[in-house]
Amino acid sequence: MSTPLTRIATRLARSSDRNAWTMTARTLYADASAASERMATSRGDSNGAASNARRLDESANANSSATRDEGARAPVDATSAAKTGTKSASSGRKLGEKFSKEVVDDIYRGSFRSQTGVSLKYMLDFGAQPIHRQLMVSAQFLHNELPVRLAHRVAELENLPFGLSDMAQVLDVRDWYVESFRELRSFPPIENMEDEEKFTNILKRIMYRHENVVPMIARAVLELKEQLEAQRPKESQRPATARRGGTYATTDLNEFPEVHQFLDGFYMSRIGMRMLIGQHVALHDPPKDGYIGLICTSLSPLEVARDAIADARAICMREYGDAPEVELFGEEGFTFAYVPGHLHQMLFELVKNSLRAVSDKYADSDVTPPPIRIVIAEGAEDVTIKVSDEGGGIRRSGLAKIWTYLYSTARSPLKDMDADSAGPVVLAGYGYGLPLSRLYARYFGGDLQVLSMENYGTDAYLHLNRLGNMAEPLP
């Protein structure tokens, strides 16, 4: 069912009056707030869209007050604080207290604009044009598209459930996104190659600024889980009416679908932005045979699999002192167009999980561990890669949890991270490997599925869309 906020955006999007988009964010959200409050009052729902709209309008009100009192302050880049491990100024700071009213209004106008997804095939076809034309068109597209995507994420970060929006790590990430939005919006139209070169330097700064987004959000979610665990009463103290997913829920994020949906959408958007920026920056590199930017036009999945196996076994050797063998099956001459970095990320995670499962199962056994088997199959639409192990499998009741962020059977290394850490490269415990791998697969129209036989082993099926005709699944 659509909310009043959604209907307002839809009417504006369909309106032939383009001047409607010049309306300030405060007016938009004030209208949405009034409509949402009426609906919430009639339904008795005080936690619905009205609260979101009120929060956004509060930011505008706080912003207006701050502007009157102190003038339109220039935003402060939050990157340096995070890179040096400095904590945020204070938990719960509002958007309007940090950035000028013009920037906040511009963000929320941008959050009502539609995002434009692109496909792998489009990127390949686009690469066939002369290089100068590539760079100019790519820069102009990113100049218009990236602020819209950033605005969507900032609006989302302002309205997270369970107090996530007020956590220091989330506030830092929000400030990074706002600073990047401000830089892009303040850059003039790109009309020549000199403008394009300056714009590319801004994109590089943005890539660096957002480098630590994944561990920062992960630490905030981990902190939320710990807070919920501390607040959860003991079993004997729970009322008879307590329900799963309610006030007395466990710390399993499967029982908090709002958090899981946010993380899926947020990280999918991050994958998309980094792909677009990385592709543009890579077009500046010297030409490389078989490559268009980050995309390899004749990628051998066997070669990528061999690299991923070597990397995963090296980590297993470091952790366990030994590593099970991995058998690889597939056609040597088969190639297709794909992003090597994405495929390596997914295969590395799957092989790493299988190595750990087998190593744990046979840690105290004199029996030689059975090998992990990887089979690569070429289909008309998909390239499917199966990773099979005999590591004991997963209970059927626990299969849903493997797609839950921060779920892991190993100790989480997030507690040991400094603020400037980009994330540990460990065998297990991070809890993001499988969910992120599935997002990477889905980004270009593929998928990742896991089937398991308890007390035997697990099969993971990685499907990659070889046609490249699926546009980004933007949140």
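On a predicted model such as this, the values are computed, not experimentally measured, just so you know.

Asker: Run through the pattern of salt bridges, naming residues and quoting values.
Answerer: Pairing is possible between side chains of opposite charge, provided their charged atoms come close. Applying the stated criterion to the full structure yields 22 salt bridges. A salt bridge links Asp106 to Arg185, with the nearest nitrogen and oxygen atoms 2.8 Å apart. Taken together, the positions of Asp106 in helix α6 (residues 101-110) and Arg185 in helix α9 (residues 168-186) put the pair 79 residues apart, joining distant regions of the chain. Looking at Asp106, the relative accessible area reads 14%, which means it is buried. Arg185 sits in the partly exposed class, given a relative accessible area of 44%. In this structure, the salt-bridge partner of Arg356 is Asp360, at a minimum N-O distance of 3.7 Å. Remark: Asp360 and Arg356 occur in helix α14 (residues 340-361); sequence separation between them is four residues, near one turn of the helix.

Asker: Pulling in residues and values, what's your account of the packing of helix α11 (residues 213-231) against helix α12 (residues 257-282)?
Answerer: Between α11 and α12, the shortest axis-to-axis distance is 12 Å and the interhelical angle comes to 175°. As the angle between them shows, α11 and α12 are arranged roughly antiparallel. Residues Val213, Val214, Ile217, Ala218, Val221 and Leu224 of α11 form the contact with α12, whose own contacting residues are Val259, Phe262, Leu263, Phe266, Tyr267 and Arg270. Split by residue class, the contact of α11 with α12 holds eleven nonpolar, no polar and one charged.

Asker: Can you break down the sheet that holds strand β3 (residues 326-329) residue by residue, with the values?
Answerer: Spatially, β3-β5-β6-β8-β7 is the arrangement adopted by the five strands of the open sheet, whose pairing is mixed. Strand pairing shows two members of the sheet lacking a second neighbour, β3 and β7 (447-453), which therefore form its edges. Mean inter-strand twist for the sheet, computed between neighbouring axes without regard to direction, equals 15°. Direction of pairing for β3 relative to strand β5 (residues 372-378): parallel, over a ladder of four bridges. Each bridged residue has a counterpart across the sheet, and for Phe329 the counterpart in β5 is Val375. Set on the sheet, helix α13 (residues 301-320) makes contact with β3 and β5; between it and β3 the angle comes to about 175°. Across the sheet, helix α15 (residues 433-443) is in contact with β7 and β8 (457-465); its angle to β7 comes to roughly 135°.

Asker: Could you give an account of α6, with specific residues and numbers?
Answerer: Counting buried positions along α6 yields seven of ten residues, so the element is predominantly enclosed. Along α6, the positions that sit buried rather than exposed are Val103, Val104, Asp105, Asp106, Ile107, Tyr108 and Gly110.

Asker: Account for the packing of aromatic side chains, naming residues and giving values.
Answerer: If you walk through the whole model with that rule in mind, you get twelve aromatic pairs. Ring geometry for Tyr405 versus Tyr432: centroids 5.1 Å apart, planes at 65°, classification edge-to-face. Of the two residues, Tyr405 sits in the loop between β6 (382-389) and α15 while Tyr432 sits in the loop between β6 and α15, which places them 27 residues apart along the sequence. Both residues of the pair, Tyr405 and Tyr432, count as buried. Ring centres of Tyr443 and Phe444 lie 4.6 Å apart, and the angle between their planes is 65°; on these two criteria the pair is classed as edge-to-face. Across the pair, exposure class does not vary: Tyr443 and Phe444 are buried alike. Joined through ring pairs, the aromatic side chains of Tyr177, Phe262, Phe266, Tyr267, Tyr405 and Tyr432 make up one cluster. Seen from the ring of Trp403, Arg438 lies directly overhead, with NZ or CZ sitting 4.3 Å from the centre.

Asker: Just give me the short version of unusual backbone geometry, but keep the residues and values in it.
Answerer: Positive phi, normally seen in glycine, also occurs at Phe162, with a value near 60°. Looking at the element boundaries, Phe162 is found in the loop between α8 (131-157) and α9. Even without a glycine there, the phi angle at Asn455 is positive, about 70°. With respect to the helices and strands, the residue Asn455 is situated in the loop between β7 and β8.

Asker: Tell me what's going on with the sheet that holds strand β2 (residues 295-299), and back it up with residues and numbers.
Answerer: Spatially, the three strands line up as an open sheet ordered β1-β2-β4, and their pairing is antiparallel. Looking at which strands have only one partner, the edges of the open sheet turn out to be β1 (291-292) and β4 (336-338). As defined by bridge partners, β1 adjoins β2 across two bridges and the pair is classed as antiparallel. Residue Tyr291 lies in a different strand from β2, and its bridge partner there is Cys296.

Thresholds applied
- Residues numbered from 1 in each chain as written.
- Predicted model: local features only at pLDDT ≥ 70, side-chain atom pairs only at ≥ 80, totals over all residues.
- Heavy atoms only, no water.
- Salt bridge = Lys/Arg side-chain N within 4 Å of Asp/Glu carboxyl O.
- Helix = DSSP H or I, 4+ residues; strand = E, 2+ residues; numbered from the N terminus.
- Buried < 20%, exposed > 50% of the residue type's maximum accessible area, 1.4 Å probe, protein only.
- Axes fitted to C-alpha atoms, helices over the stretch in contact; angles between N-to-C directions.
- Parallel < 35°, antiparallel > 145°, perpendicular 65-115°, else oblique.
- Contact = heavy atoms within 4.5 Å.
- Nonpolar A, V, L, I, M, F, W, Y, C, P; charged D, E, K, R; others polar.
- Pairing = 2+ DSSP bridges.
- Phe/Tyr/Trp six-rings, centres within 6.5 Å; stacked < 30°, edge-to-face > 60°.
- Lys NZ or Arg CZ within 6 Å of the ring centre and 35° of its normal.

That is the geometry; function is a separate question.
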